[in-house]
Amino acid sequence: MRRGLLLLALLASACATLPRADLGTSPPELAHWRDAVNGPDAGAEAVQLLSGYLQVNTANPPGNETLGAQYLAGLLQKAGISSEITEFAPGRGSLIARLKGDGSEKPLCLLSHIDVVPAEAKNWAQPPFSGYIDDHGVIWGRGALDMKGMGLLETLTLIWLKRLNVPLKRDVVLLAVADEEVDNRGMQHIVAKYWPQIDCSQVVNEGGMGIRDAMAPGQTIFAISVAEKGLLWLKMIAHGKAGHGSTPIPGRAPDRLLDALAKIRARHPEAVWQASTRETLAQVGHDVGGVTGYVLTRPTLQDWLAEGQLMQNPGTRAAMIDTVNVTGFGGAEEPNVVPAEVWAQLDCRLLPGHKPAELLAELVKLVDDKQVRFEVLYQAEANASTWDDPFYRALARHAIAGKHNAVVGPVLSPGFTDSLRLRPLGVRAYGFVPFATTQDETGGMHGENERVSSENVRDGLRVLFSAVVDVAALPGR
Ligand SMILES: [Zn+2]
């Protein structure tokens with residue numbers, strides 16, 4: 001680009017700056033409620049109770065979530081809160097509990113899943129269902145991050161509202177569901193049987209969390225998921241004449257499959273910027289300042305100078321394109337037989353606004369082979385919630401309150417959660433586990449040595465409780 005043009009563009013872009021987010025302020029008349037759950041005692045209790053919850057083995061399969069639901073129900077019971085456990089199959093229970101408000105606003109939901117993914121104990125430094133608390137106060141166990149930690153904080157939020165007798169302007173509903181990690185049958189059961197009674201306007205669930213040193217050393221980015229990509233799971237099946245393995249003949253099924261995959265892998269979709277990505281980058285920019293800050297707070301410069309890097313990183317790349325990921329293969333197993341049919345399994349994820357049927361049509365056209373057909377295994381459209389919302393702002397401002405080098409912003413999650421099912425019901429869904437984790441710690445999610453620090457549990461309780469108070473409580477005495 002010519003220097004004159006570049007200068008002009010720089011000038012033009014300098015005008016369009018994304019501002020520092022206005023997260024509003026917490027109602028001062030509710031400060032006494034927030035302050036009541038911001039101390040070492042509340043934190044120590046949370047740590048002990050989380051350790052207990054992690055000892056309940058709810059690995060899915062088989063799940064046994066009723067045991068987890070009973071654990072939470074026991075804690076609620078001691079505080080005088082009744083709850084209901086409802087099973088979609090024997091042993092597969094979800095829990096619903098509610099604190100009544102005066103009904104002047106629609107209910108607020110605190111959602112978590114009780115099940116966890118399985119864990120191979122031999123690869124862990126501490127047994128995965130021990131709830132072991134080490135000398136540094138770190139609590140070990142499958143589900144510490146995904147997502148019994150959050151489920152416990154949500155349960156304690158209800159318990160503290162009850163203990164303090166906080167008057168509420170809306171119902172606060174606790175939902176801890178079964179089977180999120182496999183088939184989402186717990187949430188489906190709740191939606192089908194209970195939704196008219198729950199009917200909340202906002203929900204907090206998993207999806208985002210705080211990541212230390214994510215973009216700049218020493219800086220923590222608290223990512224609140226406001227959107228989730230859609231999905232299209234496909235089986236791509238190639239057909240041809242069966243034959244003997246000794247004599248390669250063109251056009252047989254395995255060759256066709258390889259050709260189709262080569263075409264799919266050569267696809268280079270253009271980056272599509274999400275408003276959420278721009279917004280969060282701008283918040284990072286405002287925090288770091290300098291030249292980097294100048295670039296990150298201006299959309300035109302984001303496009304020119306940040307897009308390349310974002311497309312290099314698998315995590316951010318997935319938030320900018322429709323992805324097609326090969327996740328499995330199948331066919332005959334005899335080495336000397338060319339089978340008549342072989343298949344590959346594709347996990348495709350779509351940006352908001354992109355339809356599964358359109359991506360499928362694109363793939364069919366790209367492969368351009370009548371003997372390769374696609375079978376849709378599952379599909380769902382992406383969805384998103386606005387972040388111009390009081391509950392989003394409350395979560396965001398408490399996440400960074402009093403912290404240095406802490407930034408908060410909305411993100412699109414490449415994966416999906418039960419929130420994908422709730423947004424079409426008119427719910428604003430926010431994915432946010434209020435822990436600040438290292439990249440090593442987040443590797444424990446679905447991986448080995450999943451754990452969370454006491455500090456995170458204590459601060460997470462403060463963040464969640466304060467945000468719920470801000471949007472649900474009345475001043476009272
Ligand atoms: Zn999860």
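In this text the structure is predicted, and so the values were computed from the model without any measurement.

1. Description of the sheet that holds strand β10 (residues 323-330)
Thought 1: Taking strand neighbours across the sheet as the criterion, the four strands line up as β10-β12-β8-β13 in an open arrangement whose pairing is antiparallel. Edge strands, defined here as strands with exactly one partner in the open sheet, are β10 and β13 (372-380). Each neighbouring strand pair of the sheet contributes to a mean axis angle of 20 degrees, computed without reference to strand direction.
Thought 2: Taken together, the eight bridges between strand β8 (residues 230-239) and β13 define a ladder with antiparallel strand orientation. Bridging from a neighbouring strand, Ile237 pairs with Arg373 of β13.

2. Quick look at the coordination of the zinc ion
Thought 1: Taken together, the protein donors to the zinc ion comprise His113 (NE2), Asp146 (OD), Glu206 (OE) and Glu206 (OE), at separations of 1.8 to 2.7 Å.
Thought 2: Coordination at the zinc ion is irregular: its four donor atoms span angles of 53 to 149 degrees at the metal.
Thought 3: Written as a sequence motif, the donor residues of the zinc ion are H-x32-D-x59-E. On the criterion of sequence distance, the pair formed by His113 in strand β3 (residues 108-113) and Glu206 in strand β6 (residues 202-212) is long-range, its members being 93 residues apart. Here the two residues His113 and Glu206 agree in accessibility, since each one is buried.

3. Some points on the pattern of salt bridges
As a working rule, side chains carrying opposite charge can pair if their charged atoms are close by.
Thought 1: Within the structure shown, the criterion is met by 25 salt bridges.
Thought 2: The shortest N-O distance in the salt bridge between Glu120 and Lys122 comes to 3.0 Å.
Thought 3: Judged by relative accessible area, which is 68%, Lys122 ranks as exposed.
Thought 4: A salt bridge links Asp389 to Arg428; its shortest N-O distance comes to 2.8 Å. With Asp389 in the loop between β14 (383-384) and α13 (390-400) and Arg428 in strand β16 (residues 428-437), the pair connects residues that are 39 residues apart, well separated along the chain.
Thought 5: One continuous salt-bridge network, built from bridges that share partners, spans Glu65, Arg92, Asp179 and Arg185.

4. Looking at the nonpolar core
The nonpolar side chains of soluble globular proteins are, as a tendency, buried together.
Thought 1: Ranked by internal contacts, the top residues of the largest apolar core, which has 75 residues, are Leu95, Leu152, Leu158, Leu161, Phe391, Leu395 and Val468.
Thought 2: If one sorts the elements of this core by residue count, helix α16 (residues 454-472) sits on top with ten residues.
Thought 3: Counting 21 residues, the second-largest nonpolar core is a separate cluster that includes Leu234, Leu257, Leu360 and Phe374.

5. Considerations on the layout of surface pockets
Thought 1: Computed from the structure, the second largest pocket encloses a volume of approximately 380 Å³.
Thought 2: Around the second largest pocket, the lining is made up of 17 residues, and of these Thr323, Val324, Asn325, Val326 and Asp347 lie nearest the centre.
Thought 3: Of all the secondary-structure elements, those providing two or more residues to the lining of the second largest pocket are α7 (253-265), β10 and β12 (341-350).

6. Considering the environment of Arg451
Thought 1: Structurally, Arg451 can be placed in strand β17 (residues 451-453).
Thought 2: With 365 residues separating them along the chain, Arg451 and Thr86 place their C-alpha atoms 29 Å apart.
Thought 3: Once you skip the residues sitting within four places of it in the chain, Arg451 turns out to touch Val138, Ile139, Trp140, Ala144, Leu145, Asp440 and Glu441.
Thought 4: Among the polar contacts made by the side chain of Arg451, one reaches the side chain of Asp440 at a distance of 3.0 Å.

7. Things to note about the pairing of strand β1 (residues 83-87)
Thought 1: Bridge count between β1 and strand β2 (residues 93-99): five bridges; the pairing is antiparallel. Of the residues in β2, the one forming a bridge with Ser83 is Ala97.
Thought 2: Counted along the chain from β1 to the antiparallel partner β2, the turn is five residues long, and its residue Gly91 has a positive phi close to 85 degrees.

8. Notes on the domain arrangement of the protein chain
Thought 1: Taken domain by domain, the protein chain consists of domain 1 (28-210 + 223-228 + 382-472), domain 2 (230-266 + 322-381) and domain 3 (270-320).
Thought 2: One C-alpha centre belongs to domain 1, the other to domain 3, and the line joining them spans 29 Å.
Thought 3: Contacts between the two partners involve ten residues from domain 1, matched on the other side by twelve residues from domain 3.
Thought 4: Carbon and sulfur atoms make up 70% of the area that domain 1 and domain 3 hide from each other, which totals about 790 Å².
Thought 5: On the domain 1 side of the interface with domain 3, the three residues burying the most area are Trp387, Val407 and Leu412, jointly 55% of the side's total.

9. With respect to the packing of aromatic side chains
Thought 1: Inspection of every chain in the model, using the stated rule, returns five aromatic pairs.
Thought 2: Ring centres of Tyr53 and Tyr71 lie 5.6 Å apart, and the angle between their planes is 5 degrees; on these two criteria the pair is classed as stacked. Here Tyr71 lies in helix α4 (residues 65-78) and Tyr53 lies in helix α3 (residues 40-54), a separation of 18 residues in the sequence.
Thought 3: When the centroid spacing of 6.2 Å and the interplanar angle of 75 degrees are considered together, the rings of Phe222 and Phe432 count as edge-to-face. Highlighted residues: Phe222 in strand β7 (residues 220-228) and Phe432 in strand β16, separated in sequence by 210 residues.
Thought 4: Using a relative accessible area of 2% as the deciding quantity, one classes Phe222 as buried.
Thought 5: One aromatic cluster is present, built from ring pairs that chain together Trp233, Tyr378 and Phe416.
Thought 6: Over the aromatic face of Tyr53 sits the side chain of Lys148, whose NZ or CZ is 5.2 Å from the ring centroid.
Thought 7: Against the face of Trp140 rests Arg451, its NZ or CZ located 5.4 Å from the ring centre.

What counts and how
Residues numbered from 1 in each chain as written. Predicted model: local features only at pLDDT ≥ 70, side-chain atom pairs only at ≥ 80, totals over all residues. Heavy atoms only, no water. Pairing = 2+ DSSP bridges. Helix = DSSP H or I, 4+ residues; strand = E, 2+ residues; numbered from the N terminus. Axes fitted to C-alpha atoms, helices over the stretch in contact; angles between N-to-C directions. Donors = N, O, S within 2.8 Å, 3.2 Å for Na, K, Ca; no water. Tetrahedral: all angles 85-135°; square planar, octahedral: opposite > 155°, others 65-115°. Buried < 20%, exposed > 50% of the residue type's maximum accessible area, 1.4 Å probe, protein only. Salt bridge = Lys/Arg side-chain N within 4 Å of Asp/Glu carboxyl O. Core = buried A, V, L, I, M, F, W, Y, C linked by side-chain atoms within 4.5 Å. 1 Å grid on protein atoms, 1.4 Å probe; cavity = no way out; pocket = protein on both sides within 12 Å on 5 of 7 lines; lining within 4 Å. Points joined across faces, edges and corners; volume = space filled by probe spheres on them. Contact = heavy atoms within 4.5 Å. Polar contact = N/O pair within 3.5 Å; in protein donor to acceptor, adjacent residues only side chain to side chain. Domains from an automatic or database assignment. Buried area = accessible area lost by both parts, 1.4 Å probe. Phe/Tyr/Trp six-rings, centres within 6.5 Å; stacked < 30°, edge-to-face > 60°. Lys NZ or Arg CZ within 6 Å of the ring centre and 35° of its normal.

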